[in-house]
Amino acid sequence: MTTSPDLVAQVAATTGLTPAEAARVVGDVVAYLAEPVEDVVRRRHAELKTHGAKNPEIFARIAAELEQRVVAAPRLSERQLRRMIYG
């Protein structure tokens, strides 16, 4: 995916990063935001499970996090979240 030269220039100008560094940062952010919802759910479930969280807490937290994404994912029920993880 290509990044907007205007956005890269803005990030470089407002942060003091070189254009190459700004391009890398913008690319990283775009890739993060482009992660498919199913991948986000699986990744976050695994991360939170590693820290000892239980599924009811995990599903509520993931649902809240998805609502806060810049391009919000559709509202998903606990059942839909569970199906993404366990099939």
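Just above, that's the structure.
One structure accompanies this document, and this report is about it. (Residues numbered from 1 in each chain as written. Predicted model: local features only at pLDDT ≥ 70, side-chain atom pairs only at ≥ 80, totals over all residues. Heavy atoms only, no water.)

1. A short note on a nonpolar patch on the surface
- Where nonpolar side chains cluster on the molecular surface, the patch consists of Val 25, Val 29, Tyr 32, Leu 33, Val 70 and Val 71 and spans about 570 Å² of accessible area.
- Overall, the relative accessible area of 31% leaves Val 25 in the partly exposed class. (Patch = residues over 30% accessible without salt bridge, like charges linked within 9 Å, V, L, I, M, F, W, Y side chains within 5 Å. Areas by Shrake-Rupley, 256 points an atom, 1.4 Å probe, with all protein chains shown as cover. Salt bridge = Lys/Arg side-chain N within 4 Å of Asp/Glu carboxyl O. Buried < 20%, exposed > 50% of the residue type's maximum accessible area, 1.4 Å probe, protein only.)

2. Side note on the nonpolar core
- One finds Val 40, Val 41, Leu 48, Ala 53, Ile 58, Phe 59, Ile 62, Leu 66, Ala 73, Leu 76, Leu 81 and Met 84 forming the largest nonpolar core, which totals twelve residues.
- Looking at this core, the elements with two or more residues in it are α3 (37-50), α4 (55-67) and α5 (78-86).
- Here this core gets four residues from one element, more than from any other, and that element is α4.
- Setting aside chain neighbours within four positions, we find Met 84 in contact with Val 37, Glu 38, Val 41, Arg 42 and Leu 76.
- Counting residues in each nonpolar core, the second largest holds five residues, with Val 8, Val 11, Ala 22 and Val 26 among its members. (Core = buried A, V, L, I, M, F, W, Y, C linked by side-chain atoms within 4.5 Å. Helix = DSSP H or I, 4+ residues; strand = E, 2+ residues; numbered from the N terminus. Contact = heavy atoms within 4.5 Å.)

3. Description of the side chain of Arg 44
- Secondary-structure assignment places Arg 44 in helix α3.
- The exposure class of Arg 44 is buried, given its relative accessible area of 15%.
- With sequence-adjacent residues up to four places away left out, Arg 44 is seen in contact with Arg 61, Ile 62 and Glu 65.

4. Digging into the side chain of Asn 55
- Mapped onto the elements of the fold, Asn 55 is located in helix α4.
- Among the polar contacts made by the side chain of Asn 55, one reaches the side chain of Tyr 86 at a distance of 3.3 Å.
- In contact with Asn 55, not counting residues within four places along its chain, are His 45, Lys 49, Arg 82 and Tyr 86. (Polar contact = N/O pair within 3.5 Å; in protein donor to acceptor, adjacent residues only side chain to side chain.)

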